[in-house]
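# Structural description and commentary
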Amino acid sequence: MIAAEDVVLILLAAGRSQRFGIPNKLEVPFLNKPVGLHVVTAFEAIPFRDRLVVTDGCTLDFASHGYAVVHNDDPAAGMAQSVKLGVQRAKDDGAQAVLIALADMPRVTAAHVYRMLDAADSADAVVASSDGVKPSPPALFGRDRFDFLLSLDGDAGARDLVRAGRHVVTAPAELIDIDTPEDLERLQALVHDPRAAITRALMRR
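Source: prediction; values computed, not measured.

### Some remarks on helix α1 (residues 35-43)
Most of α1 is tucked away, with seven of its nine residues classed as buried. For α1, the full list of buried residues reads Val35, Gly36, Leu37, His38, Val39, Val40 and Phe43.

Encoded structure:
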């Protein structure tokens, strides 16, 4: 296992929300809180070495939650650009591993992250989440994988590496990421969120 104190959390919060239809989906309410702050709350008690958020101008106040804000000036370059910005900071900080999580996955839990830390057994560890069918973020990478992550381009690249790594299975609902209004409505239905009607109204504007 690897201790949380040796891991830098990299929260990816840069993107154009094109499939959602509004400037920033992370600011849309879900259970009385913006989508992008749920994972922040879920992870707040985990004693990470450091917390980084890579963003392109989201108005959510990540800094007040203990995150160092890294600005991505070119989100159109793909997720790899955000990953590289975060990993370089973590490498410079002497991290033994990074946990890469997405701000648009509001149901991920601390318990799941601790199971991932338990599954990491070496400096070249690759541990991904899974719904039992396919791997997904959050994903953990040991320090020996940093140079590979820094060589990535576009939105792919790490997929083969993640497929070949260890997978920690959790409930599919925990790994829902919010790419479209339909994704959010599906998640709201699962948790009986009464604000679903508000989301639908926002989408009609």
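### Side note on the nonpolar core
Ile10, Leu11, Phe43, Phe62, Val98, Leu140 and Phe141 are the most contacted members of the largest nonpolar core, which has 65 residues in total. Looking at which element gives the most residues to this core, the answer is strand β1 (residues 7-13), with seven residues. Excluding anything up to four places from it in sequence, Leu11 contacts Val39, Val40, Leu52, Val53, Val54, Phe62, Tyr67, Ala101, Leu102 and Ala103.

### Details of the sheet that holds strand β7 (residues 126-130)
Spatially, seven strands are ordered β5-β4-β1-β6-β8-β7-β9 in an open sheet, and the strand pairing comes out mixed. The open sheet has two edge strands, β5 (68-71) and β9 (166-169), and neither has a second partner. Neighbour-to-neighbour, the strand axes of the sheet open up by a mean angle of 25 degrees, direction not taken into account. Here β1 pairs with strand β4 (residues 50-55) via six bridges, running parallel. Bridging from a neighbouring strand, Leu11 pairs with Val53 of β4. Against the sheet, α1 touches β1, β4 and β6 (97-102), its axis set at about 165 degrees to β1. Against the sheet, helix α3 (residues 110-119) makes contact with β1, β6, β7, β8 (135-142) and β9, and its axis sits at roughly 150 degrees relative to β9, the strand it touches most.

### Examining the pairing of β7
The element β7 is largely enclosed, with a buried count of five among its five residues. Neither face of β7 is open: one carries Val126, Ala128 and Ser130, the other Val127 and Ser129, and all of them are buried. Bridge count between β7 and β8: five bridges; the pairing is antiparallel. Each bridged residue has a counterpart across the sheet, and for Ser130 the counterpart in β8 is Pro135. The loop that links β7 with its antiparallel partner β8 comprises four residues; one of these, Gly132, has a positive phi angle of about 95 degrees. Pairing of β7 with β9 involves four bridges; the strand directions are parallel.

Each value, and the rule that gives it
The residue count restarts for each chain, going from 1 along the sequence in the order it is written. Restriction of local features to residues with pLDDT of at least 70 applies here, the model being predicted, together with a cutoff of 80 or more for giving and counting side-chain atom pairs; totals for whole chains, interfaces and linings are based on all residues. Side-chain numbers here rest on the full set of heavy atoms in the structure, without hydrogens or water. For each residue, the accessible area found with a 1.4 Å probe, counting protein chains only, is set against the maximum for its type, and the residue is called buried under 20%, exposed over 50%, and partly exposed in between. Secondary structure follows DSSP: runs of H or I at least 4 residues long count as helices, runs of E at least 2 residues long count as strands, and numbering of each begins at the N terminus. Nonpolar core, defined: a set of buried Ala, Val, Leu, Ile, Met, Phe, Trp, Tyr and Cys residues in which side-chain atoms within 4.5 Å join the residues together. In this analysis, two residues are considered to be in contact whenever any of their non-hydrogen atoms come within 4.5 Å of each other. At least two bridges found by DSSP between two strands are what make those strands a pair. Only the contacting stretch of a helix is used when fitting its axis, a line to C-alpha atoms as for every element, and angles between N-to-C directions run 0 to 180 degrees.

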